[in-house]
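One letter stands for each residue in the lines below.
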Amino acid sequence: MTSSLLDHAAREAMNGCSGRRRLLPLAVVTVVVTVLAATNVLPPWPGLPHLLALPPMDLFADLRVLLTRATSVPAFVLLLVLVLTVRVLAMAVMLGGPSRATVRFAALFYGIVLLPVLVGAQLDYMAFAMLFARLFWPAVALVAALGLLAGPVPWQGSPRLRTALRRTWRGGLRVGVMLPYAAVIVLLGVVTDAWPEPMVTVALVPVSALATGFTIVLLSRPPRPGARRRLAVAAAASTVAGTVFIATRPHEPAPRPPPREGSMMVMSGINSSSGNGGMFHTRPEKFGLTCDQIYYYSYAGPGDGQPRGVAECPIRTGAPFEAVHTHRPMAEQAALFAEQVRDLPRPLMVMAHSHAAWVAWTAVAGGMAPQVDVLVLNGPFRQSIQGYPPPGQNGPGKTAGDLLRLSVHLGNLFGANHEPDSPAARETLADPTAPTAIFARPLPPGVRAIAVHATVDLPLQPSGWRLPIEHNTCPLRVAHSSLPGSDATTEEVNRFLDRRPPPPCPPWRDWGVPMTRGFTVPATRTPPRAPPHSTVPVPGSSRRRWRGPCRAGPTHATAAGRPAVAGRTRQRPC
């Protein structure tokens, strides 16, 4: 009886409270966010409109800002408490006025969603800091699911969370309202992708607030008849769409090319080991070669052979290496590459995967490996928008960096081999300017290059994923780790080697970039300095002396913390 009276009182309070008064906190927050973003206190990145989104999407935006901007753990905790206090009080007012029941409801709601939203925000940050798409897409899926499931709950006219959850379920999760609202949220990200100017993003803040206010009004009304049926239709449509998407991914095997002359150097990525890694599944006959023409790069240096593992061919050269060898300084990796390709038969094609693309480019662009005729870069990353400060050092991203190290440590307990503070990781990942600086050095004349891109990797490069080379493939519907051995990659590479036109590229292959633009993290405001061991080769040096790296600046972030548009960089001579 008491519960029914409370529910009735809450419903009457929400219905009796004028729309102007109920949405007043939303209007106040809109003004504050707009002013702070216009004055660069808040980063005007594509996720800025999410600060005015329905809970818990608003908290997801809050945490992305705090994780990337807070300079210490105490500052992060203090700001998080402040933000949560504001969010709870704002929701309490929007639920009919600040009372014990509404404050308790809002505090309980945000308290429950805080942990999963924090996990999603941290995964989002780690995906950009580590350039690891396998973290980005689960983060997007987690936050999207939370938004669709929890978004309608506070507006069901009950001060009791359990009752609000029950009404949300009986109302078919309010998909008739939430799905159009989700489309608006995605559309805001598309707009920021089409017009990346900061003022356009700031102007979208009130648009987001209007969409949120209108959605709150609709969710506060009783659901129309047929709510369960609409939910069933939405679930069936999602299942069919997912099934079609997965079923259409396989690529038909391409015909095998005629025999080719020369040799191929195969380079696996970071955290690989002798005979273990995606590149070792490369089949030479798919490229017109034989095992006698295949050589495998060793991060441990020259040697008389390595364990074969899963490699398609015997590994006749190079010293056995483990994951730890892939973490050595980039200068050493480039020098070892140059040494191992010196006497290989020409024409020489280098097939590099992920991190190895940076190694091969550094050596070839630096004039260390003139024997290389063709570079095939599988899954290269041209840019990064986030890094992380050194351990024990305060700075933007301090809390996120500490959580990154904790997550990596837990992953290593289950067999992973990531080392975020190894020399190679600090040079290429902790310093977000490094990828752009590497690819800013042009290849020598006569060296052909093709970059094979995966659709899942594209959102991690907001300012553009195409490299300044002869050919960038149409984004392939292949996982990053599976690029080297995929039939789609084989067809693209063989067409390139034969100087034939590439296969048709559907225009929707890169649509995932604008559609997920709003789920990115703010770009780093002040890139960390490269550590002392970050070096590049000096061309023409017989003793391979090394000096500090060239820098291209500003490469990734403007003063507002927004990714710079690709191509608008200036490079200082080395």
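Summary of the structure given here. (Residues numbered from 1 in each chain as written. Predicted model: local features only at pLDDT ≥ 70, side-chain atom pairs only at ≥ 80, totals over all residues. Heavy atoms only, no water.)

A short note on the overall build of the protein chain
In terms of helices and strands, the protein chain carries 18 helices and 10 strands. Residues counted as buried form 55% of the 574 residues belonging to the protein chain. Considering only intrachain contacts with a sequence separation of at least 6, the fraction spanning at least 24 residues in the protein chain is 73%. (Helix = DSSP H or I, 4+ residues; strand = E, 2+ residues; numbered from the N terminus. Buried < 20%, exposed > 50% of the residue type's maximum accessible area, 1.4 Å probe, protein only. Contact = heavy atoms within 4.5 Å.)

A closer look at the pairing of strand β5 (residues 448–452)
Two faces belong to every sheet, and in a regular strand the side chains alternate between them. Of all five residues making up β5, five are buried, and the element is well covered by its neighbours. In β5, alternate side chains face the same way, and those of R448, I450 and V452 on one face and A449 and A451 on the other are all buried. Where strand β4 (residues 372–378) lies against β5, five bridges are found, and the strand directions are parallel. Residue V376 lies in a different strand from β5, and its bridge partner there is I450. In this structure, β5 lies alongside strand β6 (residues 471–472), joined through two bridges in parallel fashion. Residue I450 lies in a different strand from β6, and its bridge partner there is H471. (Pairing = 2+ DSSP bridges.)

Things to note about the side chain of T520
Here T520 lies in the loop between α18 (512–515) and β7 (536–537). Excluding anything up to four places from it in sequence, T520 contacts W45, P46, R64, D124, F128 and P459.

Some remarks on the packing of aromatic side chains
Overall, the coordinates contain nine aromatic pairs when judged by the stated rule. Aromatic side chains F60 and F519 sit 6.4 Å apart centroid to centroid with 45° between the ring planes, which places their arrangement in the tilted category. Here the residue F60 occupies a position in helix α4 (residues 57–69), and F519 occupies one in the loop between α18 and β7, the gap between them amounting to 459 residues. Assigned by exposure class, F60 and F519 land together as buried. (Phe/Tyr/Trp six-rings, centres within 6.5 Å; stacked < 30°, edge-to-face > 60°.)

Here's the deal with the environment of L403
Considering the arrangement of structural elements, one finds L403 in helix α14 (residues 398–412). Taking C-alpha positions, L403 is 9.6 Å from L67, a pair spaced 336 residues apart along the chain. With residues up to four places along the chain from it excluded, the contact list for L403 reads L67 and Q122.

Overview of the environment of F496
Mapped onto the elements of the fold, F496 is located in helix α17 (residues 487–497). What makes F496 buried here is its relative accessible area of 5%. Note: C-alpha distance between F496 and T473 (23 residues apart in sequence) is 9.5 Å. Setting aside its immediate chain neighbours within four residues, F496 contacts V374, R448, A449, I450, E470 and H471.

So, the pairing of strand β3 (residues 348–353)
Of all six residues in β3, six are buried, a share of seventy percent or more. Side chains L348, V350 and A352 project from β3 onto one buried face, and the interleaved M349, M351 and H353 project onto a second face that is buried too. With six bridges connecting them, β3 and β4 associate as parallel partners. Bridged to H353 within β4 is N378. At this point the chain moves from β3, through helix α13 (residues 355–365), to the parallel β4, and the crossover so formed is right-handed. (Right-handed = clockwise from strand over helix to strand, strands pointing away.)

Some points on helix α3 (residues 24–38)
Relative to the 21 Å expected for 15 residues at 1.5 Å per residue, α3 spans 21 Å between its end C-alpha atoms, a close match to the ideal helical length. Within α3, burial applies to P25, L26, V29, T30, V33 and A37. Here the buried residues of α3 occupy an arc of 135° about the axis, which is enough to place them on one side. Remark: N40 follows α3 within two positions and exhibits a positive phi of approximately 65°. (Expected span 1.5 Å × (residues − 1). Arc of directions from axis to C-beta.)

Here we look at the side chain of H355
Within the element layout of this structure, H355 appears in helix α13. Separated by 2.9 Å, the side chains of H355 and Q333 make a polar contact. Ignoring sequence-local partners within four residues, the contact set of H355 consists of I270, Y299, T326, M330, Q333 and A424. (Polar contact = N/O pair within 3.5 Å; in protein donor to acceptor, adjacent residues only side chain to side chain.)

Describing the packing of helix α6 (residues 100–130) against helix α7 (residues 133–150)
Between α6 and α7, whose axes approach to 7 Å, the crossing angle comes to 155°. Comparing the axis directions of α6 and α7 gives the class roughly antiparallel. Crossing geometry of α6 relative to α7 is assigned as left-handed. Across the interface between the two elements, F109, P116, V117, V119, G120, L123, D124, M126, A127 and F128 from α6 touch L135, F136, A139, L142, V143, L146 and A150 from α7. Of the residues contributing to the contact of α6 with α7, the split by class is 15 nonpolar, one polar and one charged. (Axes fitted to C-alpha atoms, helices over the stretch in contact; angles between N-to-C directions. Parallel < 35°, antiparallel > 145°, perpendicular 65-115°, else oblique. Left-handed = near helix turned anticlockwise from the far one by under 90°. Nonpolar A, V, L, I, M, F, W, Y, C, P; charged D, E, K, R; others polar.)

Digging into a nonpolar patch on the surface
There is a patch of nonpolar side chains on the surface, built from L406, L410, L413 and F414 and spanning about 480 Å² of accessible area. Relative to the elements of secondary structure, F414 occurs in the loop between α14 and α15 (423–430). (Patch = residues over 30% accessible without salt bridge, like charges linked within 9 Å, V, L, I, M, F, W, Y side chains within 5 Å. Areas by Shrake-Rupley, 256 points an atom, 1.4 Å probe, with all protein chains shown as cover. Salt bridge = Lys/Arg side-chain N within 4 Å of Asp/Glu carboxyl O.)

Remarks on the state of the cysteines
Scanning all chains against the criterion turns up two disulfides. In this model C291 forms its disulfide with C313; the gap between the sulfur atoms is 2.1 Å. The S-S bond linking C291 to C313 shows a torsion near -75°; that makes this disulfide left-handed. Taken together, the residues C291 in the loop between β1 (263–267) and β2 (294–296) and C313 in the loop between β2 and α12 (330–341) connect sequence positions 22 residues apart. Assessed through its relative accessible area of 27%, C291 is described here as partly exposed. (Disulfide = S-S within 2.5 Å.)

Here's the deal with the nonpolar core
Counting 139 residues, the largest nonpolar core has L48, M265, M267, F337, V350, W361 and L375 as its most contacted members. At 13 residues, the largest contribution of residues to this core is made by α6. Setting aside residues up to four positions removed in sequence, L48 forms contacts with V33, A37, L42, P43, T201, V202 and V205. (Core = buried A, V, L, I, M, F, W, Y, C linked by side-chain atoms within 4.5 Å.)

A closer look at unusual backbone geometry
Omega for the peptide link from P55 to P56 comes to 5°, which places this bond in the cis form. Looking at the element boundaries, P56 is found in the loop between α3 and α4. A cis amide bond links R346 to the next residue, P347, at an omega of -5°. Checked against the element boundaries, P347 lands in the loop between α12 and β3. Despite not being glycine, L131 has its phi angle at roughly 50°, a positive value. Following the sequence through the fold, L131 ends up in the loop between α6 and α7.

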